[in-house]
Amino acid sequence: MAETQWKYYLGRGPEVDDILARAGKAKNDVASARHDLLEEYEANGFLPGDKHRYTVIGLLYFTKPAFEFMKYTLSESKTADGREYYIARPFLRHSKGKELAEKLASPAVTIDPANNLINLLGMSCMASIQSEMPQGGQTVVWSDAVQKENIVLVRLPANAPRQRILGAAPKIPPYLKLIKKEMYDALMGGDFSVLQNQK
């Protein structure tokens, strides 16, 4: 497989501060609502509905509770420390089960992907990478963004041989500055001394 070609960006300043505040508030609001739901149903955790954990579809318990409005399954897997746990899903034939299902599907406990940092920055992008091997197929990669202290680092797939942007490439906002991979790697590792010569 061909190596992915990236462009790297550094963002900081008032515009980035505002975006980070919005992303943080959205995340904190969902975390608070999820915490309240765990307390209400005396649960130990959530069963995610997708790999990003944007949604939740059930509750997790270390000890099987006695709620009649849930269906329980002992998980085949265990926690990192070896504990067994039960997966509890709403029993929809019960009025309280329907109520729980509605709470789990509520926007209050669902992370809105539009509030993800990459989307708030307007830098969401995909690229297709063609394999160097005959009949090797292709791979799709996505842009990503990471907050480090009060700055944001963006990695954007570049148009390159065997690699093409799918759809329109995002317009780079003025508060994102193109940087070299070495600086990106240093900042990702927590070395902020490389910012001293940056305006």
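Residues numbered from 1 in each chain as written. Predicted model: local features only at pLDDT ≥ 70, side-chain atom pairs only at ≥ 80, totals over all residues. Heavy atoms only, no water.

Draft legend 1. Spotlight on the overall build of the protein chain. On a plain count of helices and strands, the protein chain comes out with 4 helices and 11 strands. Relative to the 2.2 N^0.38 estimate, which gives 16 Å for 199 residues, the radius of gyration of the protein chain is 22 Å and therefore markedly larger than a compact globule would have. Referenced to the eigenvectors of the C-alpha coordinate spread, the extents of the protein chain come out at roughly 60 × 50 × 35 Å. Counting the 199 residues in the protein chain, one finds 36% classified as buried. If you take every contact in the protein chain between residues at least 6 apart in sequence, the share linking residues at least 24 apart comes to 59%. Accessible surface, the protein chain: about 12,500 Å² in total, of which carbon and sulfur atoms supply 51%. Computed over 26 positive and 23 negative side-chain charges, the inter-centroid distance for the protein chain is 5 Å. (Helix = DSSP H or I, 4+ residues; strand = E, 2+ residues; numbered from the N terminus. Rg over C-alpha atoms; globule rule 2.2 N^0.38 Å. Buried < 20%, exposed > 50% of the residue type's maximum accessible area, 1.4 Å probe, protein only. Contact = heavy atoms within 4.5 Å. Areas by Shrake-Rupley, 256 points an atom, 1.4 Å probe, with all protein chains shown as cover. Lys, Arg positive; Asp, Glu negative; His and termini not counted. Charge placed at Lys NZ, Arg CZ, Asp CG, Glu CD.)

Draft legend 2. Region of interest: the nonpolar core. Among the nonpolar cores identified, the biggest contains 30 residues, and Leu121, Met123, Ile179 and Leu187 are the most heavily contacted of them. Contributions of two or more residues to this core are made by β1 (6–11), α1 (14–40), α3 (117–120), β6 (126–130), β9 (151–157), β11 (176–179) and α4 (181–188). Counting residues in each nonpolar core, the second largest holds 15 residues, with Tyr41, Tyr61, Phe69 and Met70 among its members. (Core = buried A, V, L, I, M, F, W, Y, C linked by side-chain atoms within 4.5 Å.)

Draft legend 3. Examining the sheet that holds strand β4 (residues 70–74) more closely. Pairing is antiparallel across the open sheet formed by 4 strands, whose spatial order is β2-β3-β5-β4. Both edges of this open sheet fall to β2 (45–48) and β4, since each of them pairs with a single strand only. The average undirected angle you get between the axes of adjacent strands in this sheet is 35°. Relative to strand β5 (residues 86–90), strand β3 (residues 56–61) is paired through 3 bridges, and the arrangement is antiparallel. In the strand pairing of β5, leucine 59 is matched with alanine 88. Along the sheet face, α1 touches β2 and β3 and points at about 115° away from the line of β2. On the sheet, helix α2 (residues 95–104) packs against β2, β3, β4 and β5 and is oriented at approximately 110° with respect to β3. (Pairing = 2+ DSSP bridges. Axes fitted to C-alpha atoms, helices over the stretch in contact; angles between N-to-C directions.)

Draft legend 4. Up close: the environment of serine 143. Its place among the elements puts serine 143 in the loop between β7 (138–142) and β8 (144–148). Residue classification places serine 143 among the buried positions, given a relative accessible area of 9%. Sequence separation of serine 143 and proline 157 is 14 residues, and the distance between their C-alpha atoms is 6.1 Å. With sequence-adjacent residues up to four places away left out, serine 143 is seen in contact with Ile118, Met123, Ser124, Cys125, Arg155, Leu156 and Pro157.

Draft legend 5. Structural detail: the sheet that holds strand β10 (residues 163–166). Across the sheet, 3 strands lie side by side as β7-β6-β10; this open sheet has antiparallel pairing. With partners counted over all chains shown, the strands left at the sheet margins are β7 and β10, one partner each. Here the average twist between neighbouring strands, direction ignored, is 30°.

Draft legend 6. Examining α2 more closely. Of all the positions in α2, only Gly97, Leu100 and Leu104 are classed as buried. Buried residues in α2, looked at end-on, bunch into an arc of 60°, giving them a common side. Every exposed residue of α2 that faces more than 90 degrees away from the buried side is listed here: Ser95 and Glu102. The inward-facing, buried residues of α2 contact α1, β2, β3, β4 and β5. (Arc of directions from axis to C-beta.)

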